[in-house]
Amino acid sequence: MPDTIKISTIIGARPQFIKAATVSRAISVHNAAIPRSVSGPLLHETIIHTGQHFDANMSEVFFRELEIPAPDYNLGIGGGSHGRNTGRMIEAIEDVLLKETPDWVLVYGDTDSTLAGALAAAKLHIPVAHVEAGLRSYNRAMPEEINRILTDQLSTILFCPTRTAEANLAKEGFPHRLSSDTVQQICNVGDVMYDAALFYAVKAEKHSRIMQTLGLTPKGFVLATIHRAENTDYPERLAAIMAALEQIAKEIPVVLPLHPRTRKCLENMGGACNDPQNSPVRFVDPVGYLDMVMLEKNARVIITDSGGVQKEAYFHGVPCVTVREETEWVELVEAGVNVLAGSDTQHVVQAFQQLINKFFVTDMLYGNGNSAEKIVDILNT
Ligand code: UDP
C-alpha cells in the first residue's frame with residue numbers, strides 16, 4: 001500500500017464548495033488519526049477551483065465559513081457559455097493533472113466543472129470518483145443532466161446519495177467495464193449535503209445574525225431561491241414565478257436571495273428587482289451558507305428550483321414547493337413534503353397553500369450524516 005494517496009478535487013460552483021467541505025474535513029480527520037491507528041495511508045488533497053463561480057458571495061465566503069483549505073489552483077474560468085467554459089476548463093485541468101499526477105480525481109454534482117474534470121482525468125487514465133452519481137431528471141434540456149450522464153460514464157467510483165440514484169444507474173446498465181481489469185464500483189454512501197447540514201447547523205446558530213438583520217421571526221416568512229436556466233432563461237416562466245411570489249408575499253413575507261444570473265435576467269425584463277422598494281418580495285444578495293442554514297431552518301415554507309435547497313428544506317423539516325416540472329429528489333415528492341409546481345403562477349400559489357400547515361419529522365432518506373467519512377474510507381482502500 002502506498003504511503004500517500006493523492007486526490008485532486010475539482011470544484012467551481014457554490015453547491016460544490018459545500019459538498020467538498022465535508023469531504024475535505026473527513027480527509028483531515030483521517031490524516032490526524034494516522035499516527036494513532038494504522039488505518040491506511042495519508043490522503044493528500046489538492047483543490048482545483050475552476051472559477052466557474054467567482055463573485056465573493058458565491059465563492060470566497062464558502063471557503064472562509066466552511067473552513068475549506070484555500071484552492072491550490074484557481075483557473076479563473078467563468079462567465080462564458082457552456083461549451084466555451086467546459087473546453088477551457090478541460091485544457092487547464094489537464095495541465096494541472098499532468099503536473100500533480102493524482103491517484104484519484106474527485107468531482108461533485110453536475111456542473112460544467114464536474115464534466116470538464118472527469119473528461120480531463122479519464123483521458124489521462126486517472127480514475128474519477130463522482131460524488132452525487134446516478135441522479136437523473138430525465139430532462140436532457142437541462143445542462144446539468146448532460147453533465148451527470150457523461151460524468152457517470154467516465155467514473156470509476158460512483159458515490160450515490162440515494163437508493164433512487166443507485167436504481168437509476170442499474171436501469172442504465174451500470175456498472176460498466178472500463179478496461180480489462182476495471183469495473184465501475186457503485187456505492188450508496190448517503191448524501192454529503194446531509195453531513196454539511198448537521199455539522200454546520202450548530203455553527204450557524206452561534207454565528208449567523210441574518211434573522212435579526214432582516215428582522216424575521218421564526219416560521220414567519222417564506223424563503224425562495226430561483227436560478228435554474230430552465231426558469232431564468234425564459235422570461236415568461238420567470239415572470240410567472242415572480243407573480244406567484246408577489247401573491248404569496250401579500251400573505252407572509254417572502255425573502256429571495258438573488259443568484260447573479262437571476263438578477264441579470266430580472267433586470268433585463270425590467271422586473272420588480274429594479275424597483276425593490278415597491279416590490280412585495282424582499283430581494284437580498286446571495287447569502288453565505290451559515291446564514292442560508294438559518295433562513296432555511298426558520299422558514300415556514302421554501303420555494304425553490306435548487307437541487308440542494310430542496311434537500312436542505314427536508315433536512316430542516318420545512319415543506320418545499322419546487323418550481324420545476326421534475327426533480328432528481330423524487331423521494332421527497334413521494335414523502336409528500338415537496339410539491340412539484342412547475343412555473344404556473346396559480347399552481348405555485350396552490351402548492352404553497354397546500355404545504356403552509358404541513359409539519360413532518362425528517363427521516364433517514366439521505367444516510368446518517370457520515371457520507372464523507374464513508375467516501376474517504378473507500379478512496380483509501
Ligand atoms: N445557498 C447559499 N446561499 C444562497 C443560496 C443558496 O449558501 O444565497 C446554498 C444552499 O444552502 C445549498 C446550495 O447553496 O447548499 C445550493 O446551491 P444552488 O442552489 O446554487 O445549486 P444546486 O443545488 O441547484 O445545484
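For the structure, check the block above.
Residues numbered from 1 in each chain as written. Predicted model: local features only at pLDDT ≥ 70, side-chain atom pairs only at ≥ 80, totals over all residues. Heavy atoms only, no water.

A. Inspection of helix H12 (residues 289–298) at higher detail. Burial analysis of H12 places nine of its ten residues in the buried class, the great majority of the element. Listed as buried for H12 are Tyr289, Leu290, Asp291, Met292, Val293, Met294, Leu295, Glu296 and Asn298. (Buried < 20%, exposed > 50% of the residue type's maximum accessible area, 1.4 Å probe, protein only. Helix = DSSP H or I, 4+ residues; strand = E, 2+ residues; numbered from the N terminus.)

B. Local environment of the nonpolar core. Judged by nonpolar contacts, the single largest core of 73 residues is most densely connected at Val23, Phe159, Tyr289, Leu295 and Leu379. When residues of this core are assigned to their parent elements, the largest contribution, eight residues, is made by helix H7 (residues 192–207). Setting aside residues up to four positions removed in sequence, Tyr289 forms contacts with Ile18, Phe62, Glu65, Leu66, Ala196, Ala197, Tyr200 and Glu312. In this structure, Ala224, Met242, Ile248 and Phe283 belong to the second largest nonpolar core, which totals 30 residues. (Core = buried A, V, L, I, M, F, W, Y, C linked by side-chain atoms within 4.5 Å. Contact = heavy atoms within 4.5 Å.)

C. Broad picture of the site of the ligand. Neighbouring the ligand are 19 residues; Val287, Ser306, Gly307, Gly308 and Glu312 lie closest to it. In the environment of the ligand, an oxygen atom lies 2.7 Å from a nitrogen or oxygen atom belonging to the side chain of Ser306. Gly307 is positioned such that a nitrogen or oxygen atom in its backbone is 2.9 Å from an oxygen atom of the ligand. Protein contacts shield 96% of the accessible area of the ligand, which totals 540 Å² for the unbound molecule. For the shell around the ligand, the secondary-structure elements that each account for two or more residues are helix H1 (14–33), H12 and helix H13 (307–315). The element best represented in the shell around the ligand is H13, accounting for four residues. When the residues that make up the shell around the ligand are grouped by side-chain class, the tally is ten nonpolar, five polar and four charged. (Near = heavy atom within 4 Å. Polar contact = N/O pair within 3.5 Å; in protein donor to acceptor, adjacent residues only side chain to side chain. Areas by Shrake-Rupley, 256 points an atom, 1.4 Å probe, with all protein chains shown as cover. Nonpolar A, V, L, I, M, F, W, Y, C, P; charged D, E, K, R; others polar.)

D. Representation of the environment of Ser137 in the model. With respect to the element layout, Ser137 can be found in the loop between strand S5 (128–131) and helix H5 (143–154). On the accessibility criterion, Ser137 (6% relative accessible area) is buried. It is 9.3 Å that separates the C-alpha atoms of Ser137 and Glu325, two residues lying 188 residues apart in sequence. In terms of polar contacts, Ser137 uses its side chain to reach the backbone amide nitrogen of Asn139, at 3.2 Å.

E. Expanded view of the sheet that holds strand S10 (residues 222–225). The strand order S12-S11-S10-S13-S14-S15 describes an open sheet built from six strands, whose pairing is parallel. The outermost strands of the open sheet, each flanked by one partner alone, are strand S12 (281–284) and strand S15 (338–340). Taken over all neighbouring pairs, the strand axes of this sheet differ in orientation by 20 degrees on average, direction set aside. As paired strands, strand S13 (residues 301–304) and strand S14 (residues 320–322) are joined by three bridges and run parallel to one another. Along S14, the bridge assignment pairs Thr304 with Thr322. The strands that helix H15 (residues 345–355) touches are S10, S13, S14 and S15; relative to S14, the one it contacts most, it runs at about 160 degrees. (Pairing = 2+ DSSP bridges. Axes fitted to C-alpha atoms, helices over the stretch in contact; angles between N-to-C directions.)

F. Summary view of the packing of H7 against H13. Their axes nearest at 10 Å, the elements H7 and H13 cross at an angle of 50 degrees. When the axis of H7 is compared with that of H13, the two are oblique. Considering how the two elements wind past one another, H7 and H13 form a crossing that is right-handed. Mapping the contact onto sequence places Met193, Tyr194 and Ala197 in H7 and Gly308, Lys311, Glu312 and Phe315 in H13. Of the residues in the contact of H7 with H13, the class split is four nonpolar, one polar and two charged. (Parallel < 35°, antiparallel > 145°, perpendicular 65-115°, else oblique. Left-handed = near helix turned anticlockwise from the far one by under 90°.)

G. A look at unusual backbone geometry. Phe174 connects to Pro175 through a cis peptide bond whose omega is 0 degrees. With respect to the helices and strands, the residue Pro175 is situated in the loop between helix H6 (163–171) and strand S7 (177–179). Positive phi, close to 60 degrees, is recorded for Tyr138, a residue that is not glycine. Structurally, Tyr138 is set in the loop between S5 and H5. With relative accessibility at 52%, the residue Tyr138 sits in the exposed group.

H. View of the sheet that holds strand S1 (residues 4–11). Spatially, the seven strands line up as an open sheet ordered S3-S2-S1-S4-S5-S6-S9, and their pairing is parallel. Looking at strand neighbours, the two that pair on one side only are strand S3 (73–74) and strand S9 (185–188), the edges of this open sheet. As defined by bridge partners, strand S6 (residues 157–160) adjoins S9 across four bridges and the pair is classed as parallel. By the bridge assignment, Ile157 is partnered in S9 with Gln185. On the sheet, H1 packs against S1, strand S2 (42–49) and strand S4 (104–108) and is oriented at approximately 155 degrees with respect to S2. The strands touched by helix H16 (residues 371–379) within the sheet are S1, S2, S4, S5, S6 and S9, with S6 carrying the most contacts at an inclination of about 165 degrees.

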